[in-house]
Each structure stands twice: as structure tokens, then as C-alpha cells.
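# Results of the structural survey
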Amino acid sequence: MDKERHLSLVPETKEDVKAIVDYHIRMANYLSDEKSKLQILYDAAEGIIDNETYKYVLNPLNTDNEKLKRFPAKLRNYDIIKPVLNSRMGEAGKQPHRPIVTIGNEDALTLKKDAQMQYFAQYVGQDIINHLNSMGVDTGQPSKAVPGYDEINKKFDLNYNDHRAKRGQGALDYIYRNQDLEDKRQEAKWHWLVGGRYISYKDVAYGDVTYEICDPRDIVVTAWGNTQYVEDADGVVYTRKISPNFLLENWRDDLEQSDDYDEIVDWVLERTSDGVYTSEAVNLRNENITHNNSNGTFGTENMFNLYQITVKLVKKVGVLTYTDPDTGQEAKMPVDGKYKIQKEYGDISLDCFYVDEVWSFYQIEDKWIFGAAPHPLQRNEIANVGTCKLPFNGRIMGYNTGSIWSVVKAGLNYQVLTNIFMYRLEHTIAKNKDKMVLFPLGLIPDGPDWGEDKFMYMAEALGFMFWDETSEKAAMAIQGIKEINLSFGQFIDQQWNLIANVKQMYWDEVGMNRQRIGDTYASDGKANTEQAIFRAAIITFDEDRQFDKTFEKDYQGLLDASKIAYANGKKAQFVTSEASIAWFEMTPDDALSHMESEYNVFVKNTSDEYDKLNLAKSSLQTMGQNGLTPDGMIEVIAANNIAAVKEIVKANVRNEREFQQQLQEQQGQQAQQLQQLVMQNDEADRETRRYVADKQYQGMVEAAAINADADLVKMYNDTMAMYDESEGVDNTDVEDAKARIASYKQSANERQHGDKVRLKEEDQRIKREQMNNAMRIAKENKN
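Residues numbered from 1 in each chain as written. Predicted model: local features only at pLDDT ≥ 70, side-chain atom pairs only at ≥ 80, totals over all residues. Heavy atoms only, no water.

## Describing the overall build of the protein chain
Along the protein chain, the regular secondary structure elements total 24 helices and 17 strands. By residue count, 38% of the 783 residues in the protein chain fall in the buried class. Counting only contacts in the protein chain whose residues sit at least 6 apart along the sequence, the fraction spanning at least 24 positions is 75%. (Helix = DSSP H or I, 4+ residues; strand = E, 2+ residues; numbered from the N terminus. Buried < 20%, exposed > 50% of the residue type's maximum accessible area, 1.4 Å probe, protein only. Contact = heavy atoms within 4.5 Å.)

## Some points on the environment of G90
Relative to the elements of secondary structure, G90 occurs in helix 5 (residues 82–94). Given the relative accessible area of 35%, G90 is considered partly exposed.

## Examining the nonpolar core
Grouped together as the largest cluster of nonpolar side chains are 62 residues, with contacts concentrated most on L85, V194, Y198, V408, Y506, Y555 and Y566. In this view, Y198 contacts A188, H191, W192, Y211, I213, N393, G394, R395, F547, T550, F551 and D554; residues no more than four positions away in its chain are not counted. The next biggest cluster of nonpolar side chains, apart from the first, holds 15 residues, and it includes I199, C214, A233 and Y238. (Core = buried A, V, L, I, M, F, W, Y, C linked by side-chain atoms within 4.5 Å.)

## Some details on the side chain of Q126
In this structure, Q126 sits in helix 6 (residues 108–134). A distance of 3.3 Å separates a polar atom in the side chain of Q126 from the backbone oxygen of P142. The residues touching Q126, leaving out its near neighbours within four places in the chain, are P142, S143, K144 and V146. (Polar contact = N/O pair within 3.5 Å; in protein donor to acceptor, adjacent residues only side chain to side chain.)

## Re the pattern of salt bridges
Close approach of charged atoms allows side chains with opposite charge to pair. Counting across every chain of the model gives 26 salt bridges. Between K338 and E12 there is a salt bridge, with its nearest N and O atoms 2.6 Å apart. Note that K338 is positioned in the loop between strand 9 (330–336) and strand 10 (347–364) and E12 in the loop between helix 1 (3–8) and helix 2 (14–31), a separation of 326 residues in sequence. Accessibility expressed as a relative area gives 54% for K338, which makes it exposed. (Salt bridge = Lys/Arg side-chain N within 4 Å of Asp/Glu carboxyl O.)

## Comments concerning the packing of helix 5 against helix 9 (residues 181–195)
Viewed as axis vectors pointing N to C, helix 5 and helix 9 meet at an angle of 145°, and their least axial separation amounts to 10 Å. The crossing of helix 5 and helix 9 is right-handed. Residue-level inspection shows K82, L85, R88, M89, A92 and G93 of helix 5 in contact with helix 9, the latter providing R185, Q186, K189, W190, L193 and V194. Residue composition of the contact of helix 5 with helix 9, by class: six nonpolar, two polar and four charged. (Axes fitted to C-alpha atoms, helices over the stretch in contact; angles between N-to-C directions. Left-handed = near helix turned anticlockwise from the far one by under 90°. Nonpolar A, V, L, I, M, F, W, Y, C, P; charged D, E, K, R; others polar.)

## Some thoughts on the packing of aromatic side chains
One pass over the full model with this rule turns up 19 aromatic pairs. Aromatic side chains Y174 and Y566 sit 6.4 Å apart centroid to centroid with 55° between the ring planes, which places their arrangement in the tilted category. A residue pair is termed long-range when its members are at least 10 positions apart, and Y174 in helix 8 (residues 163–178) and Y566 in the loop between helix 18 (526–565) and strand 15 (570–575) qualify at 392 residues. Each member of the aromatic cluster is reached from another via a ring pair, and the members are Y176, W192, Y198, Y211, F547, F551 and Y555. (Phe/Tyr/Trp six-rings, centres within 6.5 Å; stacked < 30°, edge-to-face > 60°.)

## Regarding a nonpolar patch on the surface
Together, V124, I128, L132, M135 and V137 give the surface a local cluster of nonpolar side chains, amounting to about 410 Å² of exposed area. Its relative accessible area of 30% is what places L132 among the partly exposed residues. (Patch = residues over 30% accessible without salt bridge, like charges linked within 9 Å, V, L, I, M, F, W, Y side chains within 5 Å. Areas by Shrake-Rupley, 256 points an atom, 1.4 Å probe, with all protein chains shown as cover.)

## Section: the side chain of Q495
Inspection of the secondary structure puts Q495 in helix 17 (residues 489–509). Apart from the residues lying within four places of it in its own chain, the contact partners of Q495 are F421, R424 and L425.

## Describing a negative patch on the surface
Taken together, the side chains of D180, E182, D183 and E187 present a region of like negative charge at the surface. Mapped onto the secondary structure, D180 falls in the loop between helix 8 and helix 9. Given a relative accessible area of 37%, D180 falls into the partly exposed group. (Lys, Arg positive; Asp, Glu negative; His and termini not counted. Charge placed at Lys NZ, Arg CZ, Asp CG, Glu CD.)

## Thoughts on the sheet that holds strand 2 (residues 197–205)
Overall, antiparallel pairing links the three strands, which are arranged 3-2-12 in an open sheet. Taken across any chain shown, the strands that pair with only one partner, and hence form the sheet edges, are strand 3 (208–214) and strand 12 (392–396). Geometrically, the sheet is characterised by an average inter-axis angle of 15° between neighbouring strands, direction not taken into account. Sheet analysis places strand 2 next to strand 12, joined by five bridges and oriented antiparallel. Its bridge partner lying in strand 12, I199 is registered against G394. Along the sheet, helix 9 contacts strand 2, strand 3 and strand 12; its crossing angle with strand 3, the most-contacted strand, is approximately 25°. (Pairing = 2+ DSSP bridges.)

## So, unusual backbone geometry
A positive phi is found at Y206, a non-glycine position, where the angle reads about 55°. For Y206, the position within the fold is in the loop between strand 2 and strand 3. Given a relative accessible area of 71%, Y206 falls into the exposed group. Here the phi dihedral of E365 falls at roughly 45°; this positive angle occurs in a residue that is not glycine. Along the chain, the position of E365 falls in the loop between strand 10 and strand 11 (368–374).

## Re the pairing of strand 2
Burial of strand 2 is extensive: seven of the nine residues sit out of reach of the surface. Pairing between strand 2 and strand 3: seven bridges, direction antiparallel. Considered in strand 3, the bridge of V204 is made with V209. With antiparallel pairing between neighbouring strands as the criterion, strand 2 and strand 3 make up a hairpin whose turn holds two residues, including Y206 at a positive phi of roughly 55°.

## Regarding the packing of helix 3 (residues 34–45) against helix 9
In the contact formed by helix 3 and helix 9, the axes pass within 9 Å of each other and the chain directions differ by 110°. With respect to their mutual orientation, helix 3 and helix 9 come out roughly perpendicular. Counted together, L38, L41, Y42 and A45 of helix 3 and W190, H191, V194 and G195 of helix 9 form the full contact between these two elements. Looking at side-chain class alone, the contact of helix 3 with helix 9 contains six nonpolar, two polar and no charged residues. (Parallel < 35°, antiparallel > 145°, perpendicular 65-115°, else oblique.)

## Observations concerning helix 5
If you check helix 5, its first and last C-alpha atoms are 18 Å apart, about what 13 residues at 1.5 Å a residue would give, namely 18 Å. Considered for burial, the residues of helix 5 that qualify are V84, L85, S87, R88, M89 and A92. Where helix 5 is buried, its residues meet helix 3, helix 9, helix 14 (407–431), helix 17 and helix 18. (Expected span 1.5 Å × (residues − 1).)

## Describing the confidence of the model for the protein chain
The predicted model of the protein chain has a mean per-residue pLDDT of 77, with 72% of residues at 70 or higher. Here residues 273–299 is a poorly scored stretch, pLDDT under 50, and it has 64 contacts once near neighbours within four places are set aside; other chains count. (pLDDT = per-residue confidence, 0-100.)

## Structural notes on the environment of W496
Along the chain, the position of W496 falls in helix 17. Note: C-alpha distance between W496 and M422 (74 residues apart in sequence) is 8.2 Å. If sequence neighbours within four positions are ignored, W496 has contacts with M422 and L425.

## Looking at helix 8
In this model helix 8 runs 22 Å from its N-terminal to its C-terminal C-alpha over 16 residues, within 8% of the 22 Å that 1.5 Å per residue would give. When helix 8 is considered as a whole, its buried residues turn out to be R164, A165, R167, G168, Q169, A171, L172, Y174, I175 and Y176.

## What about the environment of C388?
Tracing the chain through its elements places C388 in the loop between strand 11 and strand 12. For the pair C388 and E231, spaced 157 residues apart in sequence, the C-alpha separation works out to 8.8 Å. When neighbours within four sequence positions are excluded, C388 is seen to be in contact with K312, D356, E357, V358, Q378, R379 and N380.

Given below as C-alpha cells:
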């Protein structure tokens, strides 16, 4: 097998493995010059001074005499970089960051249309019932208000979400909390601002997804290709300083599969600090770079280098066309690229092609290679199995992968100038003597009580001096008194202003003015302050966008990793950011659908999101005046992204509309009830009037009968008066008439008394009913 095959195709022998490992480690050594450059940036971020940088200031005469290097000042680091880093890190921590999962499968639109038709069907059915009821058809169903179809469509779009997207969102939310992505995102942001890059690594272990942020000083991308993202590169070498325990704990399975397992374990456990290794592999970290690694401190005597080489190799695969012995029809199946056609078994043809496959290799120092195998996380696309992505991801800030730019890199020269100016300022202050008088020693009085010390004390304490005017040399010595000005006050002021200007130049370059860090004056005004903050944010907008876009791809990779990790299902609970308990469950059937789903993860721009969120929270009073409930206001205040605010406001508006609709329906029902009450009241009045009229009619009939009987009696009395004691007169009718009159009078009196009682009771009943109806109407109107 020639050399080219070792570097491109998947390995078949130990020699192939070693050739691939050696090649990528050599490439890593060749490209590892950036490590020292990155170390300078990380030192600057921590305020560490490299005296070699200031050699021309500390030793301007280039002398080897230590006595000639002792100036009355000391070089110190006056950090102007750390405040910018802290401010940017604080902004990153406060900015909302909520990944949203959507589905990208081809059937997504079809499923949405089917769900939309089912959603519309329930409203169409109710609309038909309402129409039939209005025509007088007895449908047996009550009429209900149906919103317009535009409103129905908007309501559907608001609430619809593909169940696969919900499952993917649940998986990502669980990973977010389980892997503490909030803190790890801040860690990545720190590397981004300091080194102008960040590198992440995702993997699958023990049925779960793992995620870590790597130190960029430990990563070398051996082949970028035509991409800005590490996951699309061709190879990565990751160097770690680890202990024997860490190796045996985390790579136990890989080591046990190695033929050299016993030798590796013995070497690792017996290794001491006396061991010396001089291979090229060791040089990858042996550049006088001393920084803390996540797995221990560099230089610890029992630790050693572990190299993880993760590369894309080419694998030959084939698609076999054959005759199915059961059906007799042509069928196809994937086979290894080395498969040989067997016509006697029904093989028809074999089409071969090459696909990428991610492999991982591990090497301990320059001694042992183990774990050579395809990486479990291949991340192939469903529509294109020939592509895959590395488990590493990240990006270098900017658009040139061969250069370094970062917030710290931009401040290096300004930091050096600041330290030099402060060193010179300290030196100048030490030389500053204000005004000095040259006083001849001959004027110091002679005598046992006088001397230079007492003479200078009197001058310093009292502000005047005594001298011996009787001395023969006094007249000549007094001519030697002179005043010289050794004050550097004006120069010190200029130096201080220069230092302030240097700091401001750096802050302007990285978009960090005083308004952005909260240093505002009352005279600035609200509009000027907001404009200054906006202009400063514009400078950092693109670098923040690059970071967010890269982290968005990390979310996508974590979802892809979960397809493998949760292949047999997953059950877990976690605490949300709102301090509530959330449950995540994925059954084996769900896991199958999860593996076949193509997810798209979208993260809104955090700068715009942050501004919108602040604007939304500042509009709470207006929201409250337009129907936002107190509970909704509290939820808006607690929300950490504008999407949550939109959901809260939409939910409140939706609930308010439903409440208004229910209120209108209740008011309609109340109006019908009121109308029925009024009709019942009017009917009661009519019934009362009919009752009174009937009684009046009966009274008139009875009165007419009484009058007729009275006329008959009167006629009888008149006749008897004409025929006194006449015989032969039959007065039976008269007696009957008298009896009837008496009976009428008695029954009339009874009826009148009863009618009065009943009229009084009926009147009281009607008044009570009217009063009750009035109270019910007033109560309904109040509601």
C-alpha cells in the first residue's frame, strides 16, 4: 500500500494507523507556532508582564551592569484590558440566548397542512350547525360564535408545532441543563475574546451526550479546507496533559481492545519524572508554555501527553443490485466496497462510490497508539450520506483562519504603551523636587550645636535659615545662593492625559466607550447616551454574530449526538431556569422517529434580542393598560428572551380575547334573560288586568240579577198596595225573588270579601314578582 493510501483511505493494518497518526502529528507540530502567540494573549488577559517586551525601556543603555539598570521606578502592569473583558463577559451573561428547534424533513409541510385541515374542520362543522339553526332546522346542537377564517388561521399558526420539533426541543432543553451549557457558553466566550477563537468537543458516553470547551492552545486544525468552522475541517489534533488515573478511567474500553493493553498499563503506572522523551510528538506541547489544563497542571511529574487525532478518511462503499429470491424482483442493498459480485447467487451489478468517515486515534507520548476506530458520532446528512462532520467545532474570529484577532490582541500595544507611560510617570515623580535653593556650605554657622542636619531641619520646619554673617567668607558665600526649578508638575499632567488618551484609543477600537460600561453623566441626556451605546455596539456586532452562529452549530451537533445517545430511549428530570422541575421522556419508538428527524436550530441575534427585551420590559405599563394581567407582567419581567415575552403577551392577548368573547356571549344570554323577564313582567300585568276585568264583569252580572229581583219585589209590593188583602194572588215568585235577593246579597258580600282578599294577595304577589325582576335586572346590568 503506497503512502497516499495511508493519508486518505481508512486504515486496514497497524502500519496504516501509524502512518496516519505520524502524518497528522507532524502537521500539528508544523502549525503549532500559534501556541506561543496565543500564550501571550492569555498572559495579557491575566495581567502577566513579559519583561522582554519592555527591555528597551528597562535597559536603554543595553548594559550588563546591574547597577546601571536601577532606575527610581518599577515597571508594573496597569491593566486596561481586563475591564473590557469583564464588561463584555457581563454583557454575554445578561444577553438572552434561547435555541429554537424546527423540523427540516420533507414531509413537514404535508403534516402541517393535514393538521390545518383537521383544525379548520371543527370550526366549519360549527358554522354549518349555526346556519341550519338560523334556518329553523332542528340540529340538536346549540349555536356558538365562530371567529373569522383569517383569525382561525392565525390561531393555528400560533399554536401549531410539529411533534418531532417538540421532541427535539425537549432533548435540547435537557442537554442544555444537564451539560450546563450556560456556563460553558460563557467559558467559550472568554476564549473567544482572549484568543479570538473557541473550540468545543461533543461525544456520546454511557447513554448520554457530553460537551466540553477545549483550551485553544491544546488544539491544532491540521487541514481547514474551504470552511470557517472546525466541524467541517478535515482533521484536528487535541493534546492533553493527563494523569494515569484519568487515562484508565476514561479510555478503559479503548485500552482493553488494544493488543498492547498490558504494556501500556505497565508503562503508565511505572512512569516517573525521570523519564525523558524527545520525540516530535512531545514538541507539540514543549514550547515553554505553562498553562493550566482542565485535567491537571502542566509539569506535574506523573502526567504525560495524550494526543487525540480525529480526521476524516475516505471509505469505499457499494450498492448491490440483486434478484430477490422470494419475490423474483430486483432489489438493492448497501455492501462493503470490497464486495465481489456473485452471479450464481443472483447478483446483477455493483455500483461503488466513496464517502467520508470520521476516525479517532489516540497516542500516549511517542510510545503507544490505541483506540483506532470510526468515531461513534458521524453526523451524516440523511439526504447526503457521503458527508459527515467532526465532533469538534469552533471558529477563528474574522474571515482569515491564518490570523489572530481578538479584544486582547487589539489591546496589546495599548497595554504596553500604558505600562511604559506609567513607568515614565513614576520615574518623573521620583525626580520631581519642585524648587530647590543652592546654599553654600560656608554659610552654615559654626559651633557645637550646629551642623548640616540641624541647619536643614530649621529650613524644613520653620521655613527660614540662620547663617553666620561674621564669617570672613560670608560676603563671598552669599553671592553663591541660587534658586533652581526642579518641578515637573506640568509634564506630569501632560503624561497623565497621554495615558488617559491611550486607554481611550484602545476602548474606542474595541467598541467600549464609557456609556457602554454605565459611566454616564446627567448632562449626556437620554438620546445621546442611547446613541453612544448603539454606535459602540455596532463595532462588536459582527464578532458577536460570528460567535452566536458558531454556537448555533454546536446546538445542532448536540441534537445529532442525542440521536445516538438516546437510541434506546431516555427518561430524565431536570431543573429549568425558572426553578421548576421538568421531565424529559423519549420512548424507543420516539427514539426511532428522533433518529429520522432532520432538525434545524435557530438562535436569534443576542444583541438585537437584548435591546428588544429591554424595550419590552420598559413598556410594561402600556401593556398593562392594554390588557396584560399582573401575572403576565411578572412573567415578562422574569423572561430572559424576547421569544418568551412574545409567547407571554400572545397568551395574555389570546386569553383576553377569549374572555371578551365569553363576556359577549354571557351578555347576550343575559340580554335574552332580561327580555324574558320583561316579557314575564308584562304578561303578569296583563293577567292581572284580565283577572280584574273578569271580576268586574261578574259583579255587573250579579248586580243586574239583583236589580231584576228587586224590580220584581217592588212590583209585587206596589200591586199589594193596590189590592189590599186581595185574595187569589199567587206570591210564590215574589217569595222566590226575595229569597234569591237575600241569597245574592249574602253571596255577593262573601264574594266581595273574598275578592278583596284575593285582589290584595294578587297585588302583593305581583309587587313581589316585579321587585324580584327589578333586582335581577339590576344585578345583571351591574355584571
